[in-house]
Amino acid sequence: MFGLANVVVVAVAAVLLWWLLIDPQWSPVGSYPQPFNASLFWAIIATVWVAFNCGWTGPARLGQPARGLVGIVVVLAIAAAVVALLAYGWSRVDPSFAASRAEGAGFGTGQLIVLFAFFFYVTAVVNWAQWPWADRLSPPWAGLAEIGTLVLPTLVLFGVFAVPSVATWADPSTALMSKATLTGWFYSCIVAVVVTGLLWDNLPWALLKSRAATAVVSLVGNFVLGTVIYFGTLGAAKLLIGPANVAALGDGVTSYAAEFGVCWVFWMIAWANVFGNKPTHLGRAANLVVRTVVTLVLAVVTFLGYYFVVAGSVLHEPAAGVSLHGDALGFMNFAVLVMLFYVLFLGSFGLPPAEPDAAAADAETIAVETAGAREPA
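Let me begin by describing the structure that accompanies this report. Since we're looking at a predicted model, the values are computed, not measured.

With that settled, consider the nonpolar core. Ranked by internal contacts, the top residues of the largest apolar core, which has 115 residues, are Trp 42, Ile 45, Phe 116, Tyr 187, Tyr 256, Phe 331 and Phe 334. Sorting elements by how many residues they give to this core places helix H11 (residues 328-345) first, with 15 residues. With near-sequence residues (within four places) excluded, Phe 116 lies in contact with Thr 154, Leu 157, Phe 158, Phe 161, Ala 162, Leu 182 and Phe 186.

Shown next, in the form of C-alpha cells:
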C-alpha cells in the first residue's frame, strides 16, 4: 500500500505539473518539446550527482518538506545553468548547441550528453559502490571526485557516437549508427545498469571478490547485457505498437527500445525504493525472477497505456506513427524525475511510514537470535 500510494502521488503530481509547465495545448509556458526535454534530462543527471554521487538530499538541520525542497531547488538550478551554458554560451564556439537551431536541435544536442552521463554516473554508484573514490575520500568529496573523473569517458563516448549525427559541422555519413538507433541501444545499456544494480542486488557482478574486478566486469557486462536488452525491448515494442506503426516510423522505430526501456526503468526505480524490492524471502534466483517479471509486466501495461491513451487524450501530445501519440522519453522520464524528487528528496512526505515486511523482519529476528546463541556467555 505504501508503494501504491507513492505511485499515485507521483502520477497525479506529474500530470498536474505537465499541464501547468509543459502541455503543448494547455501550458502557458510553451516549453514542449524543447527546452523541456533538455532541461528534464539535465535535471535527472543533476539529481544523480547531488543525491547519489554526493549523498546529499538537503540540509540535515531542516525538517521535511523544507529539507527536500532545498535539494530540489539546487538540482533545478544546476540543470538550468547547464542548459543555458550550452545553448547560449558554448554555442558561440560550437553552433551545434545553439538554442536558435530549428525544432530545438541545439537543445537536443546538449541533451544527448546526458544519455552517456547517466550510464557512467549511475553504474559508479549501484554497480561499483563508488570504487575507488569512496575508499580514499569522504562524502561529498568522493562524489565530487567521481563527478569530475567520469566527465572524460562521458564526453569521449558522446564525441564518438553522437557528434557525427548531431553536429552542424559533421558529416552524418560517418556516424557509427543513426541517432534513433544510438538512443535505443545506449538507453538499453542504462536499463542493464538499473536491472543489475537495483532489481538483481548487483548480481552477477557482486559474486566477484575484488572491488576493482567488480567495476571492470560490470562496465563491460552492462554493455553486453544492454545489447541483449536492446534487441529484446525493440522486439517487444514492435510487437506492442503493431506493424502499421512500425512501417510508419521507418528507421526511427529503433528508438522505441528506449521508449519501452524508460517505462521499465520507472517501475524498477519504484520497485526498489517504495515497494521494498519484493520479494526478499524466496531463494536468490526466485527473488530476481519475480522482480524482473513483475516490473516487465508493469512496463508493458504502462507502455501501451501511455502511447495509445494517455499521451494523446490526457497529455495532448502530437501523433507519432499511425495510432500512437507522444514520446515516452519525455513524459515517462518526467515521471521518473518527479518520483525521485518525492521519494528521495521529500521522503514521501505526507504519507505514513511503510510497515516493515513481515518475512524480512522474521528473517532478521532469527538471524539475531542465532548469532546471540553462538556468543559465549
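From this point, the discussion proceeds with the structure in view.
Here we come to the packing of helix H3 (residues 66-89) against helix H4 (residues 105-126). Contact geometry for H3 and H4: axes closest at 10 Å, N-to-C directions at 135°. By the angle class used here, H3 and H4 are oblique. The hand of the H3/H4 crossing is right-handed. Note on element contacts: H4 touches H3 through Phe 107, Gly 110 and Ile 113, opposite Val 83, Leu 86, Ala 87 and Tyr 88. When grouped by side-chain class, the residues that make up the contact of H3 with H4 number 6 nonpolar, 1 polar and no charged.

Here helix H9 (residues 256-273) contains 18 residues, and its C-alpha end-to-end distance of 26 Å stays within 8% of the 26 Å for a straight helix at 1.5 Å per residue. Extensive coverage of H9 is indicated by the burial of 16 of its 18 residues.

A separate point is the side chain of Thr 196. Positionally, Thr 196 belongs in helix H6 (residues 179-199). On the basis of relative accessible area, Thr 196 is assigned to the buried category, the value being 0%. Here the side chain of Thr 196 touches Trp 205 through a polar contact of 3.3 Å, side chain to side chain. Polar side-chain contacts of Thr 196 include one of 3.4 Å to the side chain of Asn 222.

Attention shifts here to the pattern of salt bridges. Following the criterion strictly, the structure yields 2 salt bridges and no others. In this structure, Arg 211 engages Asp 135 in a salt bridge whose closest nitrogen and oxygen atoms are separated by 2.4 Å. Pair noted here: Arg 211 is in helix H7 (residues 211-241) and Asp 135 is in the loop between H4 and helix H5 (141-166), with a separation of 76 residues, a long-range link. As a salt-bridge pair, Arg 291 and Asp 201 come within 3.2 Å of each other at their nearest N and O atoms. Residue Arg 291 is found in helix H10 (residues 284-313), and its partner Asp 201 is found in the loop between H6 and H7; the two are separated by 90 residues along the sequence.

Here the focus is the packing of aromatic side chains. Aromatic rings considered in pairs are described by the distance between their centres and by the relative angle of their planes. Scanning the entire structure with this criterion turns up 28 aromatic pairs. For the pair Phe 186 and Phe 223, a centre-to-centre distance of 5.8 Å together with 65° between the ring planes defines the contact as edge-to-face. Of this pair, Phe 186 sits in helix H6 while Phe 223 is found in helix H7, placing the two residues 37 residues apart along the sequence. The exposure class assigned to Phe 186 is buried, which follows from its relative accessible area of 0%. Ring centres of Tyr 256 and Tyr 307 lie 5.5 Å apart, and the angle between their planes is 35°; this geometry places the pair in the tilted category. Here Tyr 307 lies in helix H10 and Tyr 256 lies in helix H9, a separation of 51 residues in the sequence.

This brings us to the environment of Leu 69. Secondary-structure assignment places Leu 69 in helix H3. Sequence separation between Leu 69 and Ser 348 is 279 residues; the distance between their C-alpha atoms is 12 Å.

Thresholds, definitions, all that
Residues numbered from 1 in each chain as written. Predicted model: local features only at pLDDT ≥ 70, side-chain atom pairs only at ≥ 80, totals over all residues. Heavy atoms only, no water. Core = buried A, V, L, I, M, F, W, Y, C linked by side-chain atoms within 4.5 Å. Buried < 20%, exposed > 50% of the residue type's maximum accessible area, 1.4 Å probe, protein only. Helix = DSSP H or I, 4+ residues; strand = E, 2+ residues; numbered from the N terminus. Contact = heavy atoms within 4.5 Å. Axes fitted to C-alpha atoms, helices over the stretch in contact; angles between N-to-C directions. Parallel < 35°, antiparallel > 145°, perpendicular 65-115°, else oblique. Left-handed = near helix turned anticlockwise from the far one by under 90°. Nonpolar A, V, L, I, M, F, W, Y, C, P; charged D, E, K, R; others polar. Expected span 1.5 Å × (residues − 1). Polar contact = N/O pair within 3.5 Å; in protein donor to acceptor, adjacent residues only side chain to side chain. Salt bridge = Lys/Arg side-chain N within 4 Å of Asp/Glu carboxyl O. Phe/Tyr/Trp six-rings, centres within 6.5 Å; stacked < 30°, edge-to-face > 60°.

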